[in-house]
Amino acid sequence: MKTYAFAITFLCAISFNLSGAQELQLTAKDSVVTSSWVLGLGYNIVDDSATPFSKDFLNIKDTWNALPYPSSISIGRFFKNGLGIKAIGSYNKYDIGKKVDGAINTVERDYYAIDGMISYDLNKIIGETGWFDPFLQVGAGYSDIGSVGRTTGNAGFGINTWFNDRWGLNFNTMGKWGIKEGSTKQIQHSAGVVYRFGIEKELSKKGLEKLALIEENQRVSDSIAAAKKAEEEARLMAERLAQEKEKARLAAEVQARKDAENRRRTELENKIKDLGNVYFSLNSSYLSKPYMELLDKLTILMEENPSLTLKVGSHADSRGAEKYNQWLSEKRVKQTLDYLIAKKGIDASRLTGDGYGETQLVNDCDNNTYCPESKHKLNRRSEFEVLAF
């Protein structure tokens, strides 16, 4: 059941990832410019009709002064906290017939102005819009109109509309009030192209929300991957335990078979040992009746154990020449094997034999030691070794 539930969860997660993959990728639209330098070039319009916010505010024909070519330049630095500082230089011309200081202008006058402004980005209040950037501004400046200069206090508002991170349009209006008593009031409008450089960016609110969703999705994916890994490790551990258990079982079976074989070998060896050895008279390879009976019993044991294979080793005592004793032991081997094979019908493939002469004495009765006949007899023997069973 756990595996089934995991499989369902895993498939749902994959489906979610595939369907939402494009939506959950951070793009340029998910970040906003938080600070930059801004360079601007555009047109400026000056309204110097003495009462710029009166009924003549939009009397473009009579009160607005403008040039047919770009006539203002600005440079500004805007900060992450919404504040900005900007320097603006502008040129204009007061045409004849326009209303200036509440009267009709009778002579052309050049207009020069330099202004320093502090602005505040309203997106910090209304929420980040990305492309739409409204602001308020205040500052001060100096205007020269027909060689007559005046210092002004400035206030206004504007907007930037951004096509991308670099390029946009600027529109703004500011009122300029002469500080010296008797100075005129002006309104200066401007519109132009702006270019941003030295940009620093951060994720927008939507970008942060998307990042949080991506991280959550990654956390879920990591959790699923961890669960899958844990399940795989558990499966491998179970397999290893099963393999070790099977290995132990097989080893136990092998050991049990080996122990059983050893017990059987020991049992057969003990039975053969209980029968005893075949002993021969001095200088003889003749089988006497008691030892024929011993071989008859050995035959019965071999018939009861059809896989039993024996090696017959025959020996001589130390009396006589070594070569003679070797020849005599080989005759004793032959006599023993012939009796088992020819007379008792044991398959020859189940028997093998070697004669050892006087090389394997069972006591100290060698050529240099005197021994009674009873001790020499122990060396004239055929004995039996289990080869297979």
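Please read these numbers as outputs of a predicted model, since none were measured by experiment.

Caption draft 1: How the structure looks around the UniProt feature "domain: OmpA-like" (unreviewed entry) in the protein. Annotation from UniProt places "domain: OmpA-like" (unreviewed entry) at residues 267-389. With 42% helix and 17% strand, residues 267-389 has its two end C-alpha atoms placed 11 Å apart.

Caption draft 2: Molecular detail of the packing of aromatic side chains. Under the definition given, this model contains 8 aromatic pairs. Taking 5.0 Å as the distance between ring centres and 45° as the angle between the ring planes, the aromatic pair formed by Tyr91 and Tyr112 counts as tilted. In this pair, Tyr91 is assigned in strand β4 (residues 83-94) and Tyr112 in strand β7 (residues 109-121), connecting sequence segments 21 residues apart. Ring geometry for Trp131 versus Phe132: centroids 5.5 Å apart, planes at 55°, classification tilted.

Caption draft 3: Region of the structure containing the side chain of Lys311. Mapping Lys311 onto the fold places it in strand β13 (residues 309-314). One polar contact links Lys311 to Asp354, side chain to side chain, over a distance of 3.4 Å. Those residues in contact with Lys311, other than ones at most four positions away along the chain, are Thr352, Asp354, Tyr356, Glu383, Phe384, Glu385 and Leu387.

Caption draft 4: Structural detail: the pairing of strand β9 (residues 148-162). One ladder, built from 14 bridges, connects strand β8 (residues 132-145) with β9; its direction is antiparallel. Looking at the pairing, Asp144 lines up with Gly149 of β9. Connecting β8 to the next strand, β9, in antiparallel fashion are 2 residues, including Gly146 with a positive phi near 55°. In this structure, β9 lies alongside strand β10 (residues 167-178), joined through 11 bridges in antiparallel fashion.

Caption draft 5: Representation of the sheet that holds strand β15 (residues 381-388). If you trace the 4 strands from one edge of the open sheet to the other, you get β12-β15-β13-β14, paired in mixed fashion. At either end of the open sheet lies a strand with only one pairing partner, and these are β12 (278-279) and β14 (351-355). The sheet contact formed by β13 and β15 spans 6 bridges and is antiparallel. Counted as the bridge partner of Thr309 is Ala388 from β15.

Definitions and limits used
Residues numbered from 1 in each chain as written. Predicted model: local features only at pLDDT ≥ 70, side-chain atom pairs only at ≥ 80, totals over all residues. Heavy atoms only, no water. UniProt positions renumbered as here; feature names shortened; annotations may be inferred. Helix = DSSP H or I, 4+ residues; strand = E, 2+ residues; numbered from the N terminus. Phe/Tyr/Trp six-rings, centres within 6.5 Å; stacked < 30°, edge-to-face > 60°. Polar contact = N/O pair within 3.5 Å; in protein donor to acceptor, adjacent residues only side chain to side chain. Contact = heavy atoms within 4.5 Å. Pairing = 2+ DSSP bridges.

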